[in-house]
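Tertiary structure, described
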Amino acid sequence: MARLAGRRALFAVPVLLVVTFGVFAIAAASPFDPVKAYAGTAALGADQETLDRLRENLGVDRPFAARWWDWLTSALTGDLGHSSVLRQPVTQVIGERLVWSALLCAVAFAVAVLVGTVLGVLAARRPGSAVDRAVTSLAYTLEAAPVFWIALLAIWLFALQWDVLPAGGLTDTGSERVTFGQVTSHLVLPAGVLAISQLPWFTLYVRQGVGDALAEDPVRGARARGLSERTVLLGHALRSGLLPVLTLIGSRVPELITGALLVESVFSWPGIAAATVEAATAVDFPLLAGLTALATAAVLAGNLLADLLYGLFDPRVKLSDM
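Because the structure is a prediction, the values reported are computed rather than measured.

Thresholds, definitions, all that
- Residues numbered from 1 in each chain as written.
- Predicted model: local features only at pLDDT ≥ 70, side-chain atom pairs only at ≥ 80, totals over all residues.
- Heavy atoms only, no water.
- Axes fitted to C-alpha atoms, helices over the stretch in contact; angles between N-to-C directions.
- Helix = DSSP H or I, 4+ residues; strand = E, 2+ residues; numbered from the N terminus.
- Parallel < 35°, antiparallel > 145°, perpendicular 65-115°, else oblique.
- Left-handed = near helix turned anticlockwise from the far one by under 90°.
- Contact = heavy atoms within 4.5 Å.
- Nonpolar A, V, L, I, M, F, W, Y, C, P; charged D, E, K, R; others polar.
- Phe/Tyr/Trp six-rings, centres within 6.5 Å; stacked < 30°, edge-to-face > 60°.
- Buried < 20%, exposed > 50% of the residue type's maximum accessible area, 1.4 Å probe, protein only.
- Salt bridge = Lys/Arg side-chain N within 4 Å of Asp/Glu carboxyl O.

Before going further, it helps to spend a moment on the packing of helix H1 (residues 2–28) against helix H4 (residues 64–75). Helices that pack against each other are described as a pair by the angle of their axes relative to one another and the distance between those axes. At a closest axis distance of 9 Å, the pairing of H1 and H4 adopts a crossing angle of 140 degrees. The orientation of H1 relative to H4 falls into the category oblique. The element H1 and its partner H4 pack so that their crossing is right-handed. Facing H1, whose interface residues are Leu 17, Thr 20, Phe 21, Phe 24, Ala 25 and Ala 28, H4 presents Phe 64, Ala 65, Arg 67, Trp 68, Trp 71 and Leu 72. Class assignment of the residues belonging to the contact of H1 with H4 gives a composition of ten nonpolar, one polar and one charged.

This is the structure in structure tokens:
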């Protein structure tokens, strides 16, 4: 396990270098002007000399490769630079928002895995039945629905029509404290919508995996020995059928991050989505690089976790061979 983690850590180094370099290159080619974004409306009446001086102070007059190298050498010491658009150190920007994004993604992912497993098992018990057709149709429908459309529909139904859940934010309007109850109530809609966006994949994978496991010889042998259907399904078929689902953990991380950005924007959730949008539109090089490196590291960690889980739970796979 340690060797696998070490190899993946070494592989992550060039990946992060290429990704962050690409961020600086793409941002440099962006049509957005970081100086005008930084100055705001004051840039409309400023002369060219003032704009050039501001450009020099922000360091955006230098080649993007030089800016990337300066950012990289500082990042190795723990200094990710200063966000020009948010007027804060990048580490502070990420630190203040990451906990809320992590909470949203963790809850949504756990709900998607749990509900998807239950629905997949129900569908796999009797292939071709009404339950199987209903679950499969629902999964394909949700898979095709854009996450922002689901989010807007949830706000219209639960916040505007039924008025049972808040439409967005982290706390109630006018509240001066962040309480557990307020965070929980405001988390229901965004986490539910994000979970729904991930639900079809887990449902279909569990349905296929458990369905294939029910047709295998060990499971048929368990039935022949007179074991109850519950024991056969949960003790044998489900354990074997969940192995392919472990590969989803890594592959769904990029989609989870993208969905979280959209959900946070719609529900005004105080995660990293707003910072990402502002950094992109203002061509905030340090913040863009920091957020992109964080997302890349999350994807690599998800792939590593999937491989570790697969090696631990599948006796046919040896971690030393991975």
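Within this structure, the stated rule accounts for eight aromatic pairs. Ring geometry for Phe 21 versus Trp 68: centroids 5.1 Å apart, planes at 85 degrees, classification edge-to-face. Of this pair, Phe 21 sits in helix H1 while Trp 68 sits in helix H4, and the two are 47 residues apart along the sequence. Among the residues examined, Phe 21 registers a relative accessible area of 32% and is labelled partly exposed. Geometrically, the ring pair formed by Phe 24 and Phe 285 is stacked, given 5.6 Å between the ring centres and 20 degrees between the ring planes. Of this pair, Phe 24 sits in helix H1 while Phe 285 sits in helix H14 (residues 285–313); the two residues are 261 residues apart in sequence, bridging distant segments of the chain. Taking the relative accessible area as the measure of exposure, Phe 24 reaches 2% and is therefore buried. Looking at Phe 285, the relative accessible area reads 7%, which means it is buried. Ring pairs connect the aromatic residues Phe 21, Phe 64, Trp 68 and Trp 69, which therefore count as one cluster.

Moving on, we come to the pattern of salt bridges. Per the stated rule, a full pass over the model turns up three salt bridges. Residue Glu 96 pairs with Arg 97 through a salt bridge whose shortest N-O separation is 3.5 Å. Across the pair Asp 132 and Arg 207 runs a salt bridge, and its minimum N-O distance is 2.6 Å. Of this pair, Asp 132 sits in helix H6 (residues 130–144) while Arg 207 sits in helix H8 (residues 180–214); the two residues are 75 residues apart in sequence, bridging distant segments of the chain.

A word on the environment of Arg 177. Relative to the helices and strands, Arg 177 is located in the loop between helix H7 (147–161) and H8. What Arg 177 contacts, discounting residues up to four positions off in sequence, is Thr 171 and Gln 182.

What is shown is where atoms sit, not what they do.
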